[in-house]
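These are the residues of each chain, in order.
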Amino acid sequence: RVTNRVTLEGSLFNELRASRPFDVAGGGGPEALRREIEETRGDPFCTPEQMTPEDVFGRVRGSYSVTASNVAKYDGFHGLVVFEDHDPLAFTSEKVDDYVSVALEWMERAFATDPEAKYPFLMWNCLWRAGSSVVHGHMQMTATSGAHYPKIEHLRRAALEYRDTHGSDYFSDFYRVHESLRLALPGSSEAHGFVSLTPIKEKEVVLLGPNLGEPLRYLLTDVLSRYTRDLGVASFNVAFYMPPASPLGEDWSRFPVVIRVVDRGDPANRTSDIGAMELYAAPVVSSDPFRVASILKG
């Protein structure tokens, strides 16, 4: 059991849970997944300009993606970056760079339309195990007002309290703890990361950077490439924590861009990996962070 005493995030580890029997839908394996992805071609995201609505400020178009407005919105501004590729696992560094650029432009347009919508959030749910209702590759982004989403605001306040108490930057110290345990990944001052000691679920990786520029985007692509190639991950979640566009009245001065990546398990598995324990107490994890770090650094 590991607990972060600053943010009170924590995880319970038991490798035996990976050996539990699971109910799977049909045959598993990469070939079955490939067939399922191919069978969904022709969905509305395959022709987004004709089959999806646009936002009040229009569409943002990139080299490999285009935006759409989400019909079932989480928030007042809730859009999609629809990938040119139907296969959500057919990503490259250039394509991920394009997806993020398009999302950031969408956020700027939302903020220009409503200056109160200054708190951005970007996420990538890959395949149904990760909560995606559409197989076709896409990201989602929101812009909310009033305050940032609770988990992001909680992290900001915890980091400020840590700085006031210890006179040190929480995010730098947090990284150094993982680095001292050889959980850090190769990186630079512009983009670095580590395999989390308190993962929300399996194989969680945390990436940090002063902004969402190319170094952080390429590090994300490298992690996802190793995820899918070396760790056999097919379904994953990516969450991007970003400071607001106009942080008046709040101290976001030392808050970096934080990217969290987590494996969501076998897409053929019909058993949920989240139950009451994870929702209301603490995550239960079967993967060993030290083994994950060794493979991702390999």
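Bear in mind that the values here come from a model prediction, so they are computed numbers and not experimental data.

Some points on the side chain of D87
Working step 1: One can find D87 in the loop between β4 (77–83) and α3 (93–113).
Working step 2: Among the polar contacts made by the side chain of D87, one reaches the side chain of R34 at a distance of 2.4 Å.
Working step 3: Apart from residues no more than four positions distant in its own chain, D87 is found in contact with R34 and I37.

Here we look at the sheet that holds strand β9 (residues 205–209)
Working step 1: As summarised here, the arrangement of the nine strands in space is β3-β4-β6-β5-β10-β11-β9-β8-β7, forming an open sheet in which the pairing is antiparallel. Each edge of the open sheet is held by one strand with a lone partner, namely β3 (65–69) and β7 (184–188). Neighbour-to-neighbour, the strand axes of the sheet open up by a mean angle of 15 degrees, direction not taken into account.

As for the packing of aromatic side chains
Working step 1: Counting across every chain of the model gives 17 aromatic pairs.
Working step 2: For the pair Y162 and Y170, a centre-to-centre distance of 5.5 Å together with 70 degrees between the ring planes defines the contact as edge-to-face.
Working step 3: A relative accessible area of 17% places Y162 in the buried class.
Working step 4: Each ring, one from W252 and one from F255, has its centre 5.0 Å from the other, and the planes form 70 degrees; the classification is edge-to-face. Both residues of the pair, W252 and F255, belong to the buried class.
Working step 5: Its end group placed over the ring of W252, R156 keeps NZ or CZ at 5.2 Å from the ring centre.

What to know about the nonpolar core
Working step 1: Ranked by internal contacts, the top residues of the largest apolar core, which has 53 residues, are W124, F236 and I259.
Working step 2: Counting residues per element, this core draws most heavily on α3, which supplies eight residues.
Working step 3: Sequence-distant contacts of I259, that is, excluding residues within four places in its chain, are made with V205, V206, L207, L212, L216, L220, V238, A239 and F240.
Working step 4: Grouped together as the second largest cluster of nonpolar side chains are 20 residues, I152, F194, L208 and W252 included.

Conventions and cut-offs
The written sequence of each chain sets the order in which its residues are numbered from 1. It should be noted that, the model being predicted, local features are given only for residues of pLDDT at least 70 and side-chain atom pairs only at 80 or more, the latter also being counted only at that level, while totals for whole chains, interfaces and linings use all residues. Only hydrogens and water are set aside; all other atoms, that is, all heavy atoms of the structure, feed into the side-chain values. Note on conventions: DSSP H or I runs of at least 4 residues are helices, E runs of at least 2 residues are strands, and numbering of each starts at the N terminus. Polar contacts here mean pairs of N or O atoms no more than 3.5 Å apart (in protein, one a potential hydrogen donor and the other a potential acceptor; neighbouring residues in sequence count only if both atoms are side-chain atoms). Here a residue-residue contact requires only that any non-hydrogen atoms of the pair lie within 4.5 Å. The pairing criterion is simple: DSSP has to find at least two bridges between the two strands. As a rule, the C-alpha atoms of each element are fitted with a line to give its axis, helices using only the stretch in contact, and angles between N-to-C directions run from 0 to 180 degrees. Two aromatic rings, drawn from Phe, Tyr or Trp (for Trp, its six-membered ring), form a pair once their centres lie within 6.5 Å of each other, and the interplanar angle then sorts them: stacked below 30 degrees, edge-to-face above 60, tilted otherwise. Each residue's exposure class comes from its accessible area (1.4 Å probe, protein chains only) as a fraction of the maximum for that residue type: buried when under 20%, exposed when over 50%, partly exposed otherwise. Over a ring means this: the NZ of a Lys or the CZ of an Arg is within 6 Å of the ring centre and within 35 degrees of the ring normal. The term nonpolar core refers to a set of buried residues drawn from Ala, Val, Leu, Ile, Met, Phe, Trp, Tyr and Cys, joined through side-chain atoms within 4.5 Å.

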